[in-house]
Amino acid sequence: MSGQYWFPNMPIPEIMAALSEWGLNVSNEQLVRPSSDFVIGVYNACLEQPTQRALASLEDANPDLYNNAISHNIMLYHLTRFATSARIMDFSSRDLSAPEPERTRFILSAFINFVKFAEQCTTFISNVREKSAQVIEEREQVIQELSEVQHNLAVLKAQRAKDEPKCEQLKEENAAVTTQLLAAKEVHTGLTKEIESLKIERAHLQARNETVNSESALLMDNNSRTRSRIVQSPERIRRNIMTMGVTAIEDKKAVALNEAKARDLQAKISALVNIEKDVRSCIEQLQTTEKEVQLLEASQKELAELKDSLEYKKVERGELQKKTERVHKQLGNAQEKLERAQRHAEEKRQASQQTVERLQRDYEKMDVERRENDKQVEELRMEAGDIETKMTEHLKKSEAELNELLTEYWKLRHETEVYMETLANKLNMNVSSD
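Since the model is a prediction, treat every value here as computed from it, not as a measurement.

Q: Whenever I open this one, the overall build of the protein confuses me. Can you help?
A: Counting secondary structure elements, the protein contains 9 helices and 0 strands. Mapped from its N terminus to its C terminus, the protein presents α and β elements in the order α-α-α-α-α-α-α-α-α. For 434 residues, the compact-globule estimate of 2.2 N^0.38 gives 22 Å, and the protein exceeds it by more than 25% at 66 Å. With the C-alpha coordinates aligned to their principal axes, the bounding extent of the protein is approximately 245 × 70 × 40 Å.

Q: Can you help me understand the nonpolar core in this one?
A: Proteins that are soluble and globular tend to have nonpolar side chains buried together. Formed by 30 residues in total, the largest nonpolar core has its most connected members in Leu 19, Tyr 43, Cys 46, Phe 91 and Phe 111. Listing elements by their share of this core, those giving two or more residues are helix H1 (12–21), helix H3 (36–51), helix H5 (68–85) and helix H7 (101–120). If near-sequence neighbours (up to four positions away) are discounted, Tyr 43 is found in contact with Leu 79, Phe 91, Asp 95, Leu 96, Thr 104, Ile 107, Leu 108 and Phe 111. If you look at the next biggest cluster of nonpolar residues, it comprises 6 residues, including Leu 191, Ile 195, Leu 198 and Leu 272.

Q: How do you make sense of a negative patch on the surface when you look at a structure like this?
A: A cluster of acidic side chains, namely Glu 302, Glu 305, Asp 308 and Glu 311, defines a negative patch on the protein surface. Within the secondary structure, Glu 305 is located in helix H9 (residues 234–427). Judged by relative accessible area, which is 47%, Glu 305 ranks as partly exposed.

Q: Could you clarify how one ought to interpret the packing of aromatic side chains in this entry?
A: The description of an aromatic ring pair rests on the distance of the ring centres and on the angle between the ring planes. For the structure on display, the rule yields 6 aromatic pairs. Measuring from centroid to centroid gives 4.6 Å for Phe 82 and Phe 111, while their planes differ by 50°, and the two rings are tilted. Within this pair, whereas Phe 82 is found in helix H5, its partner Phe 111 is found in helix H7, the two being separated by 29 residues in sequence. Assigned by exposure class, Phe 82 and Phe 111 land together as buried.

Q: Explanation requested: the pattern of salt bridges in the structure shown.
A: Where side chains of opposite charge bring their charged atoms close, a pairing between them can arise. Inspection of every chain in the model, using the stated rule, returns 14 salt bridges. Of the charged contacts in the structure, one is a salt bridge between Arg 103 and Asp 90, with a shortest N-O distance of 3.0 Å. Of this pair, Arg 103 sits in helix H7 while Asp 90 sits in the loop between H5 and helix H6 (94–97), and the two are 13 residues apart along the sequence. Across the salt bridge formed by Glu 102 and Arg 105, the nearest N and O atoms sit 2.3 Å from each other. Residue Glu 102 and its partner Arg 105 are both found in helix H7; the two are separated by 3 residues, about one turn of the helix. Classification of Glu 102 as exposed rests on a relative accessible area of 57%. For Arg 105, a relative accessible area of 14% corresponds to the buried category. Within this structure, Asp 367, Arg 370, Arg 371 and Asp 374 form a network of salt bridges that share partners.

Q: I'm lost on the side chain of Asp 367 in this one. Help?
A: Within the fold, Asp 367 resides in helix H9. A distance of 2.7 Å separates the side chain of Asp 367 from the side chain of Arg 370, its partner in a polar contact.

Q: Looking at this structure, how should I read the confidence of the model for the protein?
A: With 90% of its residues at a pLDDT of 70 or more, the protein has an overall mean of 80. Within the model, pLDDT remains below 50 along residues 53–66, and this stretch shows 20 contacts once partners closer than five positions in the same chain are excluded.

Q: Got a minute to help me understand a positive patch on the surface in this structure?
A: Together, Arg 139, Lys 322, Lys 323, Arg 326 and Lys 329 make up a region of like positive charge exposed at the surface. With 4 residues, H9 is the single largest residue contributor to the positive patch. If you trace the backbone, Lys 329 turns up in helix H9. Note on Lys 329: relative accessible area 58%, which makes it exposed.

Q: What is the right way to look at H1 in this model?
A: In an α-helix, one turn spans 3.6 residues; hence positions three or four apart end up facing the same way. Those residues of H1 not exposed but buried are Ile 12, Ile 15, Ala 18 and Leu 19. One side of H1 holds all its buried residues, which, seen down the axis, span an arc of 125°. Among the exposed residues of H1, those pointing more than 90 degrees away from its buried face are Pro 13 and Glu 21. Of the residues flanking the end of H1, it is Gly 23, one or two places downstream, whose phi is positive at about 90°.

Q: Would you mind going over the packing of H1 against H7 with me for this structure?
A: Describing two packed helices takes the angle between their axes plus the distance from one axis to the other. The geometry of H1 relative to H7 is characterised by a closest axis approach of 11 Å and an angle of 50° between their N-to-C directions. Relative to H7, H1 is oriented oblique. Crossing geometry of H1 relative to H7 is assigned as left-handed. Contact residues: Ile 12, Ile 15, Ala 18 and Leu 19 in H1; Arg 105, Leu 108, Ser 109, Ile 112 and Lys 116 in H7.

Cut-offs and rules
- Residues numbered from 1 in each chain as written.
- Predicted model: local features only at pLDDT ≥ 70, side-chain atom pairs only at ≥ 80, totals over all residues.
- Heavy atoms only, no water.
- Helix = DSSP H or I, 4+ residues; strand = E, 2+ residues; numbered from the N terminus.
- Rg over C-alpha atoms; globule rule 2.2 N^0.38 Å.
- Core = buried A, V, L, I, M, F, W, Y, C linked by side-chain atoms within 4.5 Å.
- Buried < 20%, exposed > 50% of the residue type's maximum accessible area, 1.4 Å probe, protein only.
- Contact = heavy atoms within 4.5 Å.
- Patch = residues over 30% accessible without salt bridge, like charges linked within 9 Å, V, L, I, M, F, W, Y side chains within 5 Å.
- Areas by Shrake-Rupley, 256 points an atom, 1.4 Å probe, with all protein chains shown as cover.
- Salt bridge = Lys/Arg side-chain N within 4 Å of Asp/Glu carboxyl O.
- Lys, Arg positive; Asp, Glu negative; His and termini not counted.
- Charge placed at Lys NZ, Arg CZ, Asp CG, Glu CD.
- Phe/Tyr/Trp six-rings, centres within 6.5 Å; stacked < 30°, edge-to-face > 60°.
- Polar contact = N/O pair within 3.5 Å; in protein donor to acceptor, adjacent residues only side chain to side chain.
- pLDDT = per-residue confidence, 0-100.
- Arc of directions from axis to C-beta.
- Axes fitted to C-alpha atoms, helices over the stretch in contact; angles between N-to-C directions.
- Parallel < 35°, antiparallel > 145°, perpendicular 65-115°, else oblique.
- Left-handed = near helix turned anticlockwise from the far one by under 90°.

This is the structure in structure tokens:
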């Protein structure tokens, strides 16, 4: 009991003053001899102070649903909770049906002190109520957000189920394009190497062409110089001309061959340029595919996060369903308890009714016996009065006789003393008066 406490008892004037502040005028007689209706009204007024509602509204809410027993049980339930808050753990229906003066003053003292304490803590209670309302609003908002997330998740699931065939198709196309890109990359590597070798060969051919051109220029210079120094020898000139003609024909053939090679190289270069363009387009497609793959991976990651969130929400939903089931079970148990309490109250009411009827019969019987006893008491009183009268007369007579006897006794004692003195004087004896 070291951790418990209770409110102190209040004297009757303080209880009357506190109730008068709430508009209840009670008398000292009502507190000294409380009745059932009086304590119900006063307790209801005390309960109305912190809750700002009266229990009388519960009685007339719907007469088809709430009869006297239910309204009494509801009022007893709220008053029991209120008494428990006021540290009265043994509050029962006996305090309403058969109130005791000391018990009623103790309960009223606890209720009044608790109401005053609640009035002092009004700011704290209002803050708690505001926080409770805010928590309820946040809970409703979270439930709404959860429903929205579940709806969005369902939409995403439907969209995912709808996009899964397309994703599989894109994956297959991506795998095919990747294979083609790898093959094209290998071809591009071989073509690049071939282009490098052709570029080297072209550079050699260009250098050779430049060498041939320089040699042709030198030959032309030599031809011009030779012409200037030609000796007027037709045979030698003819031989020189034939030799130069053969040399020119060979040079022309070499130039034609070089031009054919240059055209071939130009065609190959054009083909390589086209291949390079194709490779670039393939690379761009590969980059686009990689971006789409990254977007797909990001979508899959978001989907995984949404799955995790869905699992978490499912767990929360399971917990909420379990809590709801527990609340339903508690509600069912409370309803069963209420039904048992109603049956118990009905049985108690019937038993009380039978007890009242039995007490009424006993009261009527006792009333008849009381009347007979009153008659007997009156007769006894009359007899007692007669006996008292006789006793008074007898006492008077006894006192008179006693007074006469005392007179004779004192007279006889005086005569005896006189006789003793006379006898002592005659016998010369010293006799004291003691």
